[in-house]
Amino acid sequence: MKILVIHGPNLNLLGKREKSIYGKKTLEEINSDLKSLSSELDATLDIFQSNHEGDIIDKIHKSIDKCQGILINPGAYTHTSIAIRDAIAGVELPAVEVHLSNIYAREEFRHKSVISPVCIGQISGFGPNSYSLGLTALVDYVRNN
């Protein structure tokens, strides 16, 4: 089983930016944790980060016939990108949306996700554990459906 992991804009700055919101772990540390977990789950990962909406869309399109699911932290695109939403819907792969912070406890504009309606679930507010919880749930879903 292969899972596409997408990290959206500004996540390359994890460990440096707004540590009180996003924590001290770097993206590299989160990816390392995900790789360890994926090994335990008998899954492989294709990990991708981009600050560019079109690159994220292209990566989603390329996942057809290569991946069995998508784990995505769309970052700020969560609230604005109909194009990413449509790409996820278009590839017809199960997807889980994750966020380090609880987007519903933050600014009002962060309370609406245009991505979540095309996902099987959303996990937010557990810091880096959001990724681990999301990956575990996604792998379980793919195996059982």
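Please refer to the structure higher up on the page.
Residues numbered from 1 in each chain as written. Predicted model: local features only at pLDDT ≥ 70, side-chain atom pairs only at ≥ 80, totals over all residues. Heavy atoms only, no water.

Participant: Give a detailed account of the overall build of the protein chain, specifying residues and quantitative values.
Facilitator: Each helix and strand counted, the protein chain has five helices and five strands in total. Taken from the N to the C terminus, the helices and strands of the protein chain come in the order β-α-α-β-α-β-α-β-β-α. Scaling as 2.2 N^0.38, a compact globule of 145 residues should have a C-alpha radius of gyration of about 15 Å, and the protein chain matches this with 14 Å. Taken over the C-alpha atoms alone, the protein chain extends approximately 35 × 30 × 25 Å along its principal axes. Within the protein chain, the proportion of its 145 residues that are buried is 48%. Taken as a whole, the protein chain presents about 7,100 Å² of accessible surface, with 48% of it coming from carbon and sulfur. For the protein chain, the separation between the mean place of its 15 positive charges and that of its 17 negative charges on side chains is 4 Å. (Helix = DSSP H or I, 4+ residues; strand = E, 2+ residues; numbered from the N terminus. Rg over C-alpha atoms; globule rule 2.2 N^0.38 Å. Buried < 20%, exposed > 50% of the residue type's maximum accessible area, 1.4 Å probe, protein only. Areas by Shrake-Rupley, 256 points an atom, 1.4 Å probe, with all protein chains shown as cover. Lys, Arg positive; Asp, Glu negative; His and termini not counted. Charge placed at Lys NZ, Arg CZ, Asp CG, Glu CD.)

Participant: Please set out the sheet that holds strand β2 (residues 44–49) residue by residue, giving values where relevant.
Facilitator: Taken in spatial order, the five strands line up as β2-β1-β3-β4-β5 in an open sheet, and their pairing is parallel. What marks the edges here is a single partner per strand, and that holds for β2 and β5 (121–124). Each adjacent strand pair in this sheet contributes to an overall mean axis angle of 20°, direction not counted. In this sheet, strand β3 (residues 69–73) lies alongside strand β1 (residues 2–7) in parallel orientation, the contact comprising five bridges. (Pairing = 2+ DSSP bridges. Axes fitted to C-alpha atoms, helices over the stretch in contact; angles between N-to-C directions.)

Participant: Residue-level account of helix α3 (residues 53–62), with values.
Facilitator: Taken residue by residue, α3 has I56, I57 and I60 as its buried positions. Angular distribution of buried residues about the axis of α3 spans 100°; they occupy a single face of the element. At its buried positions, α3 is contacted by β1, β2, β3 and α4 (82–91). (Arc of directions from axis to C-beta. Contact = heavy atoms within 4.5 Å.)

Participant: So, the nonpolar core: which residues are in play, and what are the values?
Facilitator: I3, L14, L34, L71, L100, Y131 and L135 are the most contacted members of the largest nonpolar core, which has 22 residues in total. Those elements that place two or more of their residues in this core are β1, α2 (27–40), β4 (95–99) and α5 (129–144). Broken down by element, this core gets its largest block of residues, five residues, from α5. Not counting residues within four places of it along the chain, the set of residues in contact with L100 comprises L11, L14, Y22, I30, N73, G125, F126, G127, P128, S130 and Y131. Membership of the second largest hydrophobic core comes to 19 residues, among which are C67, I70, I84 and C119. (Core = buried A, V, L, I, M, F, W, Y, C linked by side-chain atoms within 4.5 Å.)

Participant: Outline α5, listing residues and values.
Facilitator: When the terminal C-alpha atoms of α5 are compared, their 22 Å separation across 16 residues agrees well with the 22 Å that a helix rising 1.5 Å per residue should span. Packing partners of the buried residues in α5 comprise β1, α2, β2, β3, β4 and β5. (Expected span 1.5 Å × (residues − 1).)

Participant: Summarise the environment of H111; cite the residues concerned and give the values.
Facilitator: Here H111 lies in the loop between β4 and β5. In contact with H111, other than residues within four places in its own chain, are I103, Y104, A105 and R106. There is a polar contact of 2.8 Å between the side chain of H111 and the backbone oxygen of R106. (Polar contact = N/O pair within 3.5 Å; in protein donor to acceptor, adjacent residues only side chain to side chain.)

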